[in-house]
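The lines below spell out each chain.
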Amino acid sequence: MKMRRLFAFTRRALHQFRHDRRTLAFVLVMPLLMIIVFGYTFGGEPKGLNIAVVNNDEAIAVGGGTGEVSFAEELLAYLDDETFIVHTYSSQQEAEVDLHDARVWAILSFSSNFSSNLAQRFSSSGDATKVSVVNIMVDGTNPTVSSSVIRGIQGALQDTLKEIQSLFQLPVSTEPITIDVSYDYAGGNHAEFIDSFAPAVISFALMMVTTMLTIILFVNERRYGTLQRLLVSPAKESEIVLGYALAFAILGIFQSIVVLVAAILLFHITIIGNVFLALFVVILLGVGHQGLGILLSSGARNELQAIQFIPLIIFPSVLLAGLFWPVESIPGYLQPLSYLIPLRYAIDAERAIMLRGWGLEGVWIQIVILIFFAVVTLVGSIVLLKRRRE
Amino acid sequence: MALNICGLGMVERRVRCPSCKAVVVCSGNPGEIVHITCPTCGSLGKVTFPTDIPSVPLPVDSSLVVQTMHLTKMFGKFTAVKDLQLTIKAGEMYGLLGPNGSGKTTTIKMLCGLTRPTSGTAVVLGEQVPLKNKMHLIGYMPQDTALYIDNTVHENLRLFGEIYSLSKEKLKQREQEVLQFIELGKWRNSLVSTLSGGMRHRVSLACALLHEPQVLFLDEPTVGVDPELRATFWDYFTQLTQQGVTIIISTHYLDEAGHCSRAGFLRHGRLIAEGTPDELKQKMNAASLEDAFLALTKKVDS
């Protein structure tokens, strides 16, 4: 393999992009349009969210000592079990570690006097100044999830309050009673939908552009006979494939930087992680999809047939990779399929890097999977091209 | 070991006995199922005759640029080229002549290594096809122009120059030379997609010439080219042979082949006659090569 020949293919492809202004515009406008359109209009209702509960609440005696009640337990019982999967933790520290490592979306902590303070406050002889606090700590990186968590917990709170009202036989006309909730956003910043959408759009846009352009590039290579012509030359398949991979990597970096800069300027998104690591991950995804594009291009005889592959790639990715709504909100039987979609790993890694500020130690699994995907598809396409000799 | 020819297309090959795995020599047609009696274990068995190219070296004659032996290509049951024996010397302009579908393109593709022969061997510049070490010494101009149409003429030439590892200075010099040769210097920075069909043909030729090949394979370079440009093309080719380039050219415009130093008539994948244009005409007592070909086909058919 000669680097000069490899670069020759890179340069050719880049020149082609340069001459084709409309395609270049598409590369940039498409992701910006996605961010603007979807970023403002979308909101889903996720399900099956893992949350941590640290319950130190002590039950109190009610009804003249005939029974015991813990209002914290009551509140937990009112949580919608379709929305939440509750994990009980014994210490706040443990729960916070898991929140930080994204194993749970939120922590609900009840202090030991949660029930007794509530009872004190509402019983006729009690002390109304006692305050019951449920502390909610939410992962702020995914606003769809954090708003769902908060909405879900507030719903359960309302239900608990109704029960308390009937227990203490308070007249319905009484001022609404409240339980104080303190919110705490983990992950350094309280992301808005657009913040968590930007890392996903960068990954998705690069995947689309690379797959589409590669399929068309190679369909044309076959149709115009250039690929056959190269057989009668010292050019090697590895030089062709890697040369074009480099061209797409350069195009991808260019695209991602433009999208990021636009998102920062237009929507004031915040990136707390390492931008270079984020670019590296997105490029890995692009290179893998370039290989996939070459493999798919062999199944298409012309550009029209090539276009038909696009929905095949896009729909599973859009629906299953966590682009708009978290993977947790997909029906359970479909969730295992999301593990087969490379975009999922890229989006996971991009969000972790850009919003949580994770480094290599946090996203190495995703990176290994993406490297594996890229190596398999690139080696596959080199083998495929070697077989083009009739 | 020399290749033994056992009949039309039939060759002797070594296969393995299905029961004891001993080597058995048998003859047959590629892809055919043959019955063998194993001399080692004595059992009867069926084996599929190998379809790969027998890696048997031909006795190499260094003055020959192209040498083929029993070159055969089958697409399924259709025989595109049958039992072709060609010898082409250095400095020749050899014309492969024949109507559409006679096997000209398949022959050129086999000589370039684009298509694997079903059986038989081709040797170019003393190396068995597909070439490895001598790849940089051959040039190929395919029937379709095979250029990157979304790149400029210069970008196409530069790509091919870099593929052939020409130095920067050499590439610059050769680009100027070939552009002057095809008279398209003014169009250097035009996108190929904006050029006319004839211009694209000339650029395609330039890409094949850039690395100064010793042998040039031209697959129907004059198809779809207007008469004026066809004449220009033949001038180019004659100039190239004068510079010492060996040219193998296919065409179905039979009378064009008067420019060739030697030509072969192909029909249904077989070489039915070969010689200098004058010899071919004299042989059939014909005024033109076209008449000679028609007379010849009549004779072969009867």
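Sequence order as written defines the numbering, with residues in each chain counted from 1. Think of it this way: whatever chain is written first is A, whatever ligand is written first is 1, and the rest follow in order. Totals for whole chains, interfaces and linings use all residues, but because this is a predicted model, local features are given only for residues with pLDDT of at least 70 and pairs of side-chain atoms are given and counted only at 80 or more. Derived side-chain values reflect all non-hydrogen atoms in the structure, with water molecules and hydrogen atoms excluded from consideration.

(A) Molecular detail of the pattern of salt bridges. By convention in these notes, a salt bridge is any Lys or Arg side-chain nitrogen within 4 Å of a carboxyl oxygen on Asp or Glu. Inspection of every chain in the model, using the stated rule, returns 15 salt bridges over all chains. With a shortest N-O distance of 3.1 Å, B:Lys170 and B:Glu212 are connected by a salt bridge. Placement of the pair is B:Lys170 in helix H3 (residues 168–181) and B:Glu212 in the loop between helix H4 (197–209) and strand E13 (215–219), with a sequence separation of 42 residues. Buried means the residue's accessible area, taken with a 1.4 Å probe over protein chains only, is under 20% of the maximum for its type, while exposed means over 50%, and partly exposed covers the values in between. Residue B:Glu212 is classed as partly exposed on the basis of its relative accessible area, which comes to 42%. A cluster of three or more residues bridged by salt bridges with shared partners is formed by A:Arg11, B:Arg158 and B:Glu162. Going along the chain from the N terminus, every DSSP run of H or I of four or more residues is numbered as a helix, and every run of E of two or more is numbered as a strand.

(B) Broad picture of the interface of chain A and chain B. We call two residues contacting when some pair of their heavy atoms lies within 4.5 Å. With 26 residues of chain A at the contact, the number on the chain B side is 39 residues. Carbon and sulfur atoms supply 55% of the area buried between chain A and chain B, which totals about 2900 Å² over both sides. Here chain A is connected to chain B by two salt bridges. Between B:Glu162 and A:Arg11 there is a salt bridge, with the nearest N and O atoms lying 2.8 Å from each other. Within 3.5 Å is the distance limit for a polar contact, defined as a pair of N or O atoms, with the added protein rule that one can donate a hydrogen and the other accept it, and that residues adjacent in sequence qualify only through two side-chain atoms. Run the count over chain A and chain B and you get 16 residue pairs in polar contact (both at pLDDT 80 or more). Here the side of chain A that touches chain B gets 10 residues from one element, more than from any other, and that element is helix H1 (residues 3–19) of chain A. Across the side of chain A that touches chain B, the residue classes tally to nine nonpolar, seven polar and 10 charged. What gets called buried area is simply the loss in accessible area from a 1.4 Å probe that two parts show on being joined, summed for both. For this classification, Asp, Glu, Lys and Arg are treated as charged, while Ala, Val, Leu, Ile, Met, Phe, Trp, Tyr, Cys and Pro are nonpolar and the rest, including Gly, are polar.

(C) Inspection of the packing of helix H10 (residues 275–297) of chain A against helix H15 (residues 360–386) of chain A at higher detail. Residues and elements named next belong to chain A. For the pair H10 and H15, the least separation of the axes is 8 Å and the interaxial angle reads 25 degrees. The angle between H10 and H15 places the two elements in the roughly parallel class. As for the relative orientation of H10 and H15, their crossing is left-handed in sense. When its residues are assigned to classes, the contact of H10 with H15 shows 19 nonpolar, seven polar and no charged. Under this scheme, a helix contributes an axis fitted over its contacting stretch, all axes are lines through C-alpha atoms, and angles between N-to-C directions fall in the 0 to 180 degree range. Angle categories: roughly parallel below 35 degrees, roughly antiparallel above 145, roughly perpendicular from 65 to 115, and oblique for all the rest. Take the far helix as the reference: if the near one is turned anticlockwise from it by less than a right angle, the crossing is left-handed, and if turned clockwise, right-handed.

(D) Structural detail: the side chain of A:Arg12. Examined against the element boundaries, A:Arg12 turns out to sit in helix H1. By the counting rule applied here, Lys and Arg register as positive and Asp and Glu as negative, while His and the ends of each chain are not counted. The buried charged residue A:Arg12 lacks any salt bridge partner; its closest oppositely charged side chain belongs to A:Glu221, at an N-O distance of 4.1 Å. If sequence neighbours within four positions are ignored, A:Arg12 has contacts with A:Leu217, A:Glu221, A:Tyr244, B:Tyr148, B:Asn151 and B:Leu159.

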